[in-house]
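This is what each chain is made of:
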Amino acid sequence: MPRREDIKRILVLGSGPIVIGQACEFDYSGTQAVKALKQEGYEVVLVNSNPATIMTDPEIADRTYVEPLLPEFIDDILAQENIDAVLPTVGGQTALNLAINCQRAGIFEKHGVEMLGADAEVIERAEDREKFKAAMIELGFDVPRSMYIRDGSEASAAIDAYGFPVIIRPSFTMGGTGASIAYNREEFDEKVSRALAESLDSEVLLEESVLGWKEYELEVMRDAKDNFVVICSIENLDPMGVHTGDSITIAPSQTLTDKEYQRMRDQAKAVVRKIGVTTGGCNIQFAFNPDNGRMIVIEMNPRVSRSSALASKATGFPIAKFAAKLAIGYTLDELDNDITKVTPASFEPSIDYVVTKVPRFAFEKFSGSDDTLTIQMKSVGEVMAIGRTLRESMGKAMCALETGSCGFDWEPDLGPEDVAAMLGRPSPARLWQVGAALRLGVDLEEIYARCKIDRWFLHHIKAIIDCERRVGEGRRGRVPAPAVLASAKRNGLSDGRIAQLCGLSEEAVRARRLQAGIRPVYKRIDTCAAEFEAHTPYLYSTYEEECEAEVSDRKKVIILGGGPNRIGQGIEFDYCCVHAAFALREAGYETIMVNCNPETVSTDYDTSDRLYFEPLTAEHVLEVLDAEARKGTIVGVLVQFGGQTPLKLAKSIEAAGYPLLGTPAEAIDLAEDRERFGELMGRLRIDCPRWGVARSSEEAFTIAHDIGYPVLVRPSYVLGGRAMEIVQSDAQLDRYMREAVRASPDHPVLIDEFLPHATEFDVDAVADGEDAVVAGIMEHIEEAGVHSGDSSCSLPPVGVSEAILEQIRGTTRTLARELGVIGLMNIQFALRGHRLYVIEVNPRGSRTVPFVSKAVGVPYAKIAARVAAGESLAALGITEQIPEHISVKAPVFPFRKFPGVDTILGPEMRSTGEVMGIGADFGTAYMHAYLGAGEVLPKGGAALFSVKDEDKDAILPAARTLHQAGFSLVATGGTAEAFRKADLPCTDILKVWQGRPHTVDALKNGDIQIVVNTSGISDRRESFSLRRTSLIQRIPYFTTVSGALAAAHAIARARETNFRPKARSLQSYHADAAE
Amino acid sequence: MTERDRPEAVLALADGRVFRGVGFGARATAIGEVVFNTSMTGYQEILTDPSYAGQLVCLTTPEIGNVGCNTLDVESEAPGAEALIIRALSPTVSNWRAEQSLPDFLEGRGVPGISEVDTRALTRHLRETGAIMGAVSTEDITPERLVEMAKQAPSMQGKALAHEVSTAVPYTWEHSTLRWSEDPDVPEATLRVVAYDFGIKHNILRCLRDEGIEVQVVPSTTPAADVLEMKPDGIFLSNGPGDPAALPDVVENLEALLQGAGDTPIFGICLGYQLLCLAAGGQTYKLKFGHHGGNHPVRNELDQSVAITAQNHGFAASLESLGAGTELTAVNLFDRTAAGLRLGEREVWGVQYHPEASPGPHDAKPLFAAFAQQVRAHREQAR
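Residues numbered from 1 in each chain as written. Chains lettered and ligands numbered in written order. Predicted model: local features only at pLDDT ≥ 70, side-chain atom pairs only at ≥ 80, totals over all residues.

1. Quick notes on the sheet that holds strand E6 (residues 146–149) of chain A
All names here are of chain A.
Here is step 1: Read across the sheet, four strands follow the order E6-E9-E7-E8 without closing on themselves; strand pairing throughout is antiparallel. Both outer strands of the open sheet, E6 and strand E8 (180–182), are each paired with one neighbouring strand and no more. Strand-to-strand twist across the sheet, computed as the mean angle between neighbouring axes with direction ignored, equals 25 degrees.
Here is step 2: Bridging between strand E7 (residues 166–170) and strand E9 (residues 204–208) involves five bridges; their strand directions are antiparallel. Bridge pairing in E9 places Pro170 opposite Val204.
Here is step 3: Strand contacts of helix H8 (residues 185–198): E7, E8 and E9, with the helix running at about 20 degrees to E7, the strand carrying the most contacts. (Pairing = 2+ DSSP bridges. Helix = DSSP H or I, 4+ residues; strand = E, 2+ residues; numbered from the N terminus. Axes fitted to C-alpha atoms, helices over the stretch in contact; angles between N-to-C directions. Contact = placed C-beta atoms within 7 Å.)

2. Description of the interface of chain B and chain A
Here is step 1: Tallying the contact residues gives 46 residues for chain B and 52 residues for chain A.
Here is step 2: For the side of chain B that touches chain A, the elements supplying multiple residues, two or more each, are helix H3 (119–129), strand E15 (283–300) and strand E16 (306–318) of chain B.
Here is step 3: When residues in the side of chain B that touches chain A are grouped by element, the largest group, five residues, is from H3(B).
Here is step 4: Across the side of chain B that touches chain A, the residue classes break down as 17 nonpolar, 18 polar and 11 charged. (Nonpolar A, V, L, I, M, F, W, Y, C, P; charged D, E, K, R; others polar.)

3. So, helix H17 (residues 482–490) of chain A
Residues and elements named next belong to chain A.
Here is step 1: Of the positions making up H17, those classed as buried are Leu485, Ala488, Lys489 and Arg490.
Here is step 2: Buried residues belonging to H17 abut helix H16 (455–472), helix H18 (495–502) and helix H19 (506–515).
Here is step 3: Phi turns positive, to about 85 degrees, at Gly492, one or two residues after H17. (Buried ≥ 20, exposed ≤ 12 C-beta atoms within 10 Å, placed from the backbone.)

4. A short note on the sheet that holds strand E26 (residues 749–753) of chain A
All names here are of chain A.
Here is step 1: Taking strand neighbours across the sheet as the criterion, the four strands line up as E23-E26-E24-E25 in an open arrangement whose pairing is antiparallel. A strand with exactly one partner marks an edge of an open sheet, and here the two such strands are strand E23 (691–694) and strand E25 (725–727). Direction aside, the axes of adjacent strands within the sheet are offset by 30 degrees on average.
Here is step 2: As defined by bridge partners, strand E24 (residues 711–715) adjoins E26 across five bridges and the pair is classed as antiparallel. Considered in E26, the bridge of Val713 is made with Ile751.
Here is step 3: Contacts from helix H26 (residues 697–707) reach E23, E24 and E26, with the element oriented near 10 degrees to E26.

These values are about where atoms sit, not about what they do.
Spelled out as structure tokens, the structure:
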């Protein structure tokens, strides 16, 4: 069927901020979908609250709303935009839930809007586990026994029927939120009540356990003519019991006979038909009993998902793009396969390589959290690696993770029994533990019995360990013979691992390998196992015979991506890399991307001219550079857009004789080396907090005493404030020094003067070596001490004088020039009183670049890419722009996923994503940001205040604003006293340790609608339960004075508008700014 | 035998290209046409498919041997692939149905295997040169000699292989396909079909049995008159190896069958379908590198639906060569070649692809039900 003519304007729903379970894969899928719809001639309106996305770039959709994904905003957008249809299937669970809520609220009906790709009934049939299970039973398929409950009392029946362990799943959530396994009665009661609270409709499913079974997933598509294709099969290395998002997964599936695989395919086809997904992509998960072949359909997602992004990257088949085209009427046979150009999309990709996905975790950020992997997803990102064999692909994935691992390098000083004992508990370290167990001679069958990882994988890991043994057999300090080296490379050993095994440097191994002519070749990903010619240079390395790189003779730029998403290094850097690719392609260069993150737009094969899906390590990047250098000219390597990951490679790249694009390695080193940077600041007479570098505990004490407590301590060369802490005393410093040494063994510890009560500023700028232009100055809402990534901020600043802003601009220019920055840079300032300090300079793109670009309406990453490639700011006509409207960026935290973790903000970054709110005034902008972050804005009721002594005056404006907005005030001891002194009426309430009823009782009874709680380090433990309860009960809570004040303003503003928010498009804001 | 103890092995092509690897399976030398198969599952079914007689099969999926081999996944006891060419051999067997490792299974069949080959390079080569003769040896033979052997080997064009793999004696088939818990019960066998064996796959027989058909398998040389004498409810023409045009005796016999069968439904798959076209006066031709895989989209020309099919053939029927009475029922969307034809008004038809799959998707399995329906209708009419 050709495209539908009866619809003209389509609203695409985005997925909102990056959270655990929903990352930038939906920027990839949404961007593809929007582009595909526009290509078909439809007008596309997009809504997404996440500014760090390519899809919200104003030139992607016709109209772009960076607004909260809430029914009231959709209502307003539909009222303004004359929409015919809504596409809810490419924005993850968020978009699907939003669509259902809009449907239920009658909003779509009111505006005469149709849902494309899925309807509410289909979504419910797929997501309501009871209905889904009933459908499976009707099909005659095996299902795990289960029952639905609505309160705790019904739960006991399940225990009687199934025994322990039992799976507990709330319905209608994403990323398995709240899903858990209970092994005993106590755990069971606690987990059931949490699940009931998490479920959007207060229903929870209790299910028979299939722990230890094998897990598979099929990514499929169906069109309106009932054509059905499997795009990719995925086999989990981790058996059932670990969320698939947290599992190491392999594509294609490896341990099924054709009979079993086709049975799975037949069932998937029947499920999709039965549930009624008429068009688009979806996935179906299966559990498989390895002892007898019993197979169970676990669940399906009736939409494009994280695994469809993985499947798209793994096969070269763009699922989201085709899903969008199917939604508007095309059938698969009417669409061309982009890669072969001669065959249709109605086929099943055949892949002639092995893909391994390994999740990336951030447990180190959440002290007190348990790193056991369960059915609730906890990873924050993932890497994908491609090799011709499992061993190659697994070896590359381990290096790509950027956890410092270069393979099976965990060689603990433990006995075989100790390591074997670890294998029963799934954790991020288990793959390495398996390697260690095999190395220590633990019997493979014992390993299998403990971890249930399929023997096929175990035997391959054993083969790798055996290969390691051969490599390490020779004399220490001697490179193995070429034959052994070649075999090591074919078995997936990295140069770094070989170096460790032989007691050599990685450089020495590389040199010897090059000398022996052992180099990788590059193969293409073509969807068809080479049956047809591939027209897209989408490449991966392997140690084999024939190279298909076919490098060009053009002038080329290599862009290094940001690697796996993790806290502190996320989608923002991918955004910058994608912009660099677009800008440099426009400027006439051949753009070549290197990255290993399957969730991203940068690893879409048509973002750059060429794509190398490779780990961002010196070994893999230098091989790509050497391959590309065989023909044409490498104009430069862009390392400053992908965050800290590529920046770390700058020295190796220059040492290998390749030029960096823009800011040279020397300037990067000058900015990053604290001692050199300190000297520079002294010479320029720029204030910065006093500091010192400690290489031992003794040195640390000397420095800290010299500066005076509080001090900020952190290991050098880290991103996202990893292991950063504010330390108040000798005792705390002593504890930190012992832990920090573990955090980063090769690097010393930095100790900085901490500036309490300072206001921080983030500045992004573009410099061309001569001049620098400020892209945006952002004023942090939370005071100094909260990591900049975790702080909300306002652009332009709202509470600071023009003189200070001028000083910020002047210092920015000076630093850009003195450091020799060419391209992007980011500076963090702190203002205390009237004194401006420079806290940190990063000679690279920062995580605020996309926010600034959207707030100001200027594509700074693109401009910076062209500047880095040699153009001047003057020639490009770039000057600072200050918008009239206010933009607020607000962070989003994953605390709900980590039971037992304190939610108080500090110098360690813990947010996973961010949202943007725009408005004519600060209150409105903050309100939009706050709602966008998924928080509830109370309309009235009681506000609970409990603040530390030093905040008792500062908190008064927030309390007064809320009081004026009609809230009654409730306060604990000292705070209540302070309120009464200031003539603010309030009710007293007991702190938790003071007796009952106390604050937590009031929260649980629903008597409190907003919580403001600040606490010093000493009383944190006491107020912990207050914060945690607020989080679980979904009561808005603020842990800083400035955050509370901002919220109070937002609530006041919302009241004025009678809680009827107005949506406004970026294009409209930018048009105003241009006038 | 561990990976490191395996013998060296060589694959040589008639154009002089040589691939070195490591041997497994039988210690032997095999000569044949080199083809690649892009199916990601089912190596055991592929290598036991008699349609691969005379061919050295390169599997594009790299990790092979993972699930071992079992009795049920054997497609025929007759000769199949002459050699297996792969990238990586599994260090173990991991599947609950496995009974034997792949190397042991190959050894039992006397078939050599070669691993550690850059199979993608080989596939790209075959894509460019077209199917080419080659030789694989796990014995001590120099590459030069192997190239020479490949050069000397006659091409597949003009090769009559069906008689070599056909059963020598008639037999009756009684087994259904592998049943899973959700599958319906197998109906009683109330229909009788005679199947010509040109290299028939077990799964065709099983699929027919699933539809309530008792199949009487007859040798490829069985005269038409003998078959008609059996008064079957339907006649089936099987898949098989080699060049259909090299079987004039069979074509002549089928002409007689077509004339004498009256309204008896006749259904052909792959070689059977090609022979049917030849018997109807059409022509076949050799494809450049053939169709061998499990992902070929075939469009049903009657309702425009698309089935993902298993395919395995080096020759194709030319639609143009057939008369006006021929109806094109299915088209391969990869290259627009004919994938299914109906000859005239009667229920005489065939498909180029493999509805029995094994290995491959089951999308086209309903064709067996359609055939059974015709057979049943014919039987009822005949009463």
